[in-house]
Amino acid sequence: MSDDRTELRVTLAVGVSRCGKTIFFLRYLVARFQAKQLRCIFIFDPRGLMAAQLGVNVAETEDELELAVTDGIVCFDPEVLFQGDHERAFDFFCTWSYATAQRLGAATALVADEIWQYQSRQKVPLPLARWIKDGAKYGCECCFATHEPQLLNSSIKGHVTEFVCFYLQEKQALEYCRQFGIEPDEVKSLANGSFISRDPRTRGELRGKVF
Ligand SMILES: Nc1ncnc2c1ncn2[C@@H]1O[C@H](COP(=O)(O)OP(=O)(O)O)[C@@H](O)[C@H]1O
Ligand SMILES: [Mg+2]
């Protein structure tokens, strides 16, 4: 584990809605959590959709967040504390989870499904940027999913260490995948549930399916 602690790990899953991105992350993270490779998973979870799939309670208050840390899977539903202000809620959660991860001093992961909602091509919120840029120092890794990769800030793209590509059809989205070495024709021929995963540093490729 200690060898990995300073290694940056940013996993980005892309694909149209219902192609399997969320299922992918849940399986990937739970497997690593059960293998004790992750001490805590921090999931930003409006409406508690991932909590429901994982069969855990959502955390809605600061006390509940702390309690969830002891269990190791934190699904934060921001409704009670932020009443629909997801931007502020997301900043809060990134800041809180980052401080908690540092305190734990063990491998952790931040999960931001549908990341397009919380950043733009112009701006990445500072608390999120901290996770991406400095998290590796503390064993923190990031997992992001989006159906519109072309709308991601370029600073995120530059940090991706694993690009997990499900079916996409839109021209600009396909171009984005090409930048990771996956040809548009391949992406367009993927069945729902199937993916191609590329490590942009080693250019290693893996194919799989979640259903
Ligand atoms: N074995 C399966 N075969 C077909 N569809 C499945 C299977 N398991 C799950 N699904 C469906 O796959 C869909 C995609 O899941 P999800 O990971 O939430 O997609 P995404 O996050 O990309 O929108 C869900 O609607 C779910 O009902
Ligand atoms: Mg999803």
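Predicted model, so just to flag it, every value in this text is computed and none were measured. (Residues numbered from 1 in each chain as written. Chains lettered and ligands numbered in written order. Predicted model: local features only at pLDDT ≥ 70, side-chain atom pairs only at ≥ 80, totals over all residues.)

**Quick look at helix H6 (residues 126-134)**
Those residues of H6 that sit buried are Leu128, Trp131 and Ile132. Considered in projection along H6, the buried side chains sweep an arc of 90 degrees and stay on one side of the axis. Buried residues in H6 make contact with strand S1 (10-14), helix H5 (86-104), strand S4 (108-112), strand S5 (140-146) and helix H7 (154-157). (Buried ≥ 20, exposed ≤ 12 C-beta atoms within 10 Å, placed from the backbone. Helix = DSSP H or I, 4+ residues; strand = E, 2+ residues; numbered from the N terminus. Arc of directions from axis to C-beta. Contact = placed C-beta atoms within 7 Å.)

**As for the site of ligand 1**
Near ligand 1 the following residues occur: Gly15, Ser17, Arg18, Cys19, Gly20, Lys21, Thr22, Ile23 and Phe211. Its residues placed into classes, the shell around ligand 1 shows three nonpolar, four polar and two charged. (Near = placed C-beta within 6 Å. Nonpolar A, V, L, I, M, F, W, Y, C, P; charged D, E, K, R; others polar.)

**A short note on the environment of Ala106**
With respect to the helices and strands, Ala106 occurs in the loop between H5 and S4. Linking Ala106 and Leu190, residues 84 residues apart in sequence, is a C-alpha distance of 36 Å. Leaving out residues up to four positions away in the same chain, Ala106 has contacts with Arg39 and Gly139.

**Quick look at helix H1 (residues 21-34)**
Under the 1.5 Å per step criterion, the end-to-end length of H1 is 20 Å for 14 residues, consistent within 8% with the ideal 20 Å. Inspection of H1 places Lys21, Phe24, Phe25 and Leu29 among the buried residues, and these make up the whole buried set. With its buried residues spanning 110 degrees around the axis, H1 presents them on a single face. For H1, exposure combined with an orientation more than 90 degrees from the buried face picks out Arg27, Ala31 and Gln34. Of the surrounding secondary structure, the elements contacted by the buried residues of H1 are S1, strand S2 (40-44), S4, S5, strand S6 (162-165) and strand S7 (194-198). Where H1 ends, the next residue or the one after it, Lys36, has phi of about 60 degrees, a positive value. (Expected span 1.5 Å × (residues − 1).)

**Some remarks on the nonpolar core**
In terms of nonpolar packing, the biggest core is built from 65 residues, with Ile41, Val74, Leu110, Val111 and Cys165 touching the most fellow members. Element by element, the count of residues in this core is highest for H5, at six residues. Those residues in contact with Val111 that sit more than four places away from it in its chain are Phe25, Leu29, Ile41, Phe42, Ile43, Phe44 and Cys143. (Core = buried A, V, L, I, M, F, W, Y, C linked by C-beta atoms within 7 Å.)

**Digging into the sheet that holds strand S8 (residues 205-209)**
Each strand in a sheet pairs with another by means of backbone hydrogen bonds, the pair being arranged parallel or else antiparallel. Taken together, eight strands build an open sheet; the order of strands is S3-S2-S4-S5-S1-S6-S7-S8 and the sheet is mixed. Across the chains shown, the open sheet's two edge strands, defined by having one partner strand only, are strand S3 (73-76) and S8. Strand-to-strand twist in this sheet, taken as the mean axis angle between neighbours without regard to direction, amounts to 15 degrees. (Pairing = 2+ DSSP bridges. Axes fitted to C-alpha atoms, helices over the stretch in contact; angles between N-to-C directions.)

**Here we look at unusual backbone geometry**
Not every positive phi belongs to a glycine, and Lys36 is a case in point at roughly 60 degrees. In this structure, Lys36 sits in the loop between H1 and S2. Residue classification places Lys36 among the exposed residues on the basis of 11 C-beta atoms within 10 Å. A positive phi angle, close to 60 degrees, is found at Arg203, a residue other than glycine. Summarising the element assignment, Arg203 is placed in the loop between S7 and S8.

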